[in-house]
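# Observations on the model geometry
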Amino acid sequence: MGPLRQVAVGDPYIRRGLWPTAEPGLSSKVLGRRYGIYEVGRIGIAIAKRLRAFDVSISYCSRTQRGVPYSFHDTPRELAANYDVLVVTVGASDQTRNAINADVLHALAPDGFLTNLGRGAVVDEPALVEPLREGRIAGGALDVLRQRASFSQ
């Protein structure tokens, strides 16, 4: 869970040889967190299985209720309002485009994290920037983006 462990923030400290004396608070604990998974398909189930080893609370939101041992929530907003980490694994469709929008992000707690492992079109990226800049949520990790980034030298 990269954003919780503050991997990107800690990287410069490690490269400069300052670890483990780096600033305190560079990471958060996975234990005791509440994880909400938006879609428990193949990937969501695999993530939940691994998270169970950390003795965390897991819930999910899906188009339909599944036969899984986790609490069900009707909407991504409801899931975000009740859990610390929102893990998105849903595919892109007309119904899921921008499903993680300003309303859902506003429901996350100030120590909440968003992790998108699904499709880029699911997260309204411009809506994510504001709560990150203002510190209204603790972090976000996007494994996928709406558009491919172009990196030039």
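A brief look at the structure comes next. Numbers given for residues are sequential positions, taken from 1 along each chain in its written order. Given that this is a predicted model, residues contribute local features only at a pLDDT of at least 70 and side-chain atom pairs are listed and counted only at 80 or more, while totals for whole chains, interfaces and linings are drawn from all residues. The basis for every side-chain value is the complete set of non-hydrogen atoms in the structure, without hydrogens or water.

### A few points about the nonpolar core
Side-chain atoms within 4.5 Å are what join buried Ala, Val, Leu, Ile, Met, Phe, Trp, Tyr and Cys residues into a set we call a nonpolar core. Here's how the labels work: a residue is buried when its accessible area is under 20% of the maximum for its type, exposed when over 50%, partly exposed in between, all with a 1.4 Å probe on protein chains only. Counting 20 residues, the largest nonpolar core has Tyr38, Leu86, Val88, Ile100 and Leu114 as the members making the most contacts within it. Counting from the N terminus, the helices are the DSSP runs of H or I reaching at least four residues and the strands are the DSSP runs of E reaching at least two. Contributing elements (two or more residues each) for this core: helix 4 (76-82), strand 4 (85-88), helix 5 (102-107) and helix 6 (125-133). The contact rule is simple, with two residues in contact once any of their heavy atoms fall within 4.5 Å. Each residue touching Leu86, except ones within four places of it in the same chain, is listed here: Gly36, Leu79, Ala80, Ile100, Val104, Leu108, Phe113, Leu114 and Thr115. Core analysis: the next-biggest nonpolar cluster, separate from the first, contains 15 residues, Val30, Tyr60, Val87 and Phe113 among them.

### With respect to the side chain of His73
Position of His73 among the secondary structure elements: in strand 3 (residues 71-73). Residue class for His73 comes out buried when judged on its relative accessible area of 11%. Polar contacts here mean pairs of N or O atoms no more than 3.5 Å apart (in protein, one a potential hydrogen donor and the other a potential acceptor; neighbouring residues in sequence count only if both atoms are side-chain atoms). A polar contact is formed between the side chain of His73 and the side chain of Ser59, at a distance of 3.1 Å. Looking at His73, its side chain comes within polar contact range of the side chain of Glu78, at 2.8 Å. Setting aside residues up to four positions removed in sequence, His73 forms contacts with Ser59, Tyr60, Cys61, Ser62, Glu78, Leu79, Asn82 and Tyr83.

### Side note on the sheet that holds strand 5 (residues 113-116)
Reading across from one edge, 3-2-1-4-5-6 is the order of the six strands in this open sheet, with parallel pairing throughout. Only two strands of the sheet have a single neighbouring strand rather than two, namely strand 3 and strand 6 (139-142). Strand-to-strand twist of the sheet, defined as the mean angle between neighbouring strand axes without regard to direction, takes the value 20 degrees. Across four bridges, strand 5 lies against strand 6 in parallel orientation. Only strands that DSSP links by at least two bridges are regarded as paired with each other. Axis lines are fitted through C-alpha atoms, for helices just across the contact stretch, and the angle between N-to-C directions can take any value from 0 to 180 degrees.

### Quick notes on unusual backbone geometry
For Asp55, which is not glycine, the phi torsion reads 55 degrees and is therefore positive. As for its placement among the helices and strands, Asp55 is situated in the loop between helix 3 (42-52) and strand 2 (57-61). Given a relative accessible area of 69%, Asp55 falls into the exposed group. Although it is not a glycine, Asn98 sits at a positive phi angle of roughly 60 degrees. The residue Asn98 is located in the loop between strand 4 and helix 5 in this model.

### Considerations on the packing of aromatic side chains
Only Phe, Tyr and Trp rings are paired, with Trp represented by its six-membered ring, and only when their centres lie within 6.5 Å; those with planes under 30 degrees apart are stacked, over 60 edge-to-face, the remainder tilted. Taken as a whole and judged by the stated rule, the model has one aromatic pair. With 5.3 Å between their ring centres and 65 degrees between their planes, Tyr60 and Phe72 make a pair best called edge-to-face. Of the two residues, Tyr60 is situated in strand 2 and Phe72 in strand 3; the sequence distance between them amounts to twelve residues. On the basis of relative accessible area, Tyr60 is assigned to the buried category, the value being 1%. By relative accessible area, Phe72 is classed as partly exposed at 22%. Taking NZ or CZ as reference, Arg34 lies 5.8 Å from the ring centre of Tyr83, over its face. The rule is short: NZ of Lys or CZ of Arg within 6 Å of the ring centre and within 35 degrees of the ring normal puts a charge over the ring.

### Details of the environment of Val123
Within the secondary structure, Val123 is located in the loop between strand 5 and helix 6. Among residues more than four places away in sequence, those in contact with Val123 are Asn98, Ile100, Leu114, Asn116, Leu128 and Arg146.

The analysis is restricted to geometry; functional conclusions fall outside its scope.
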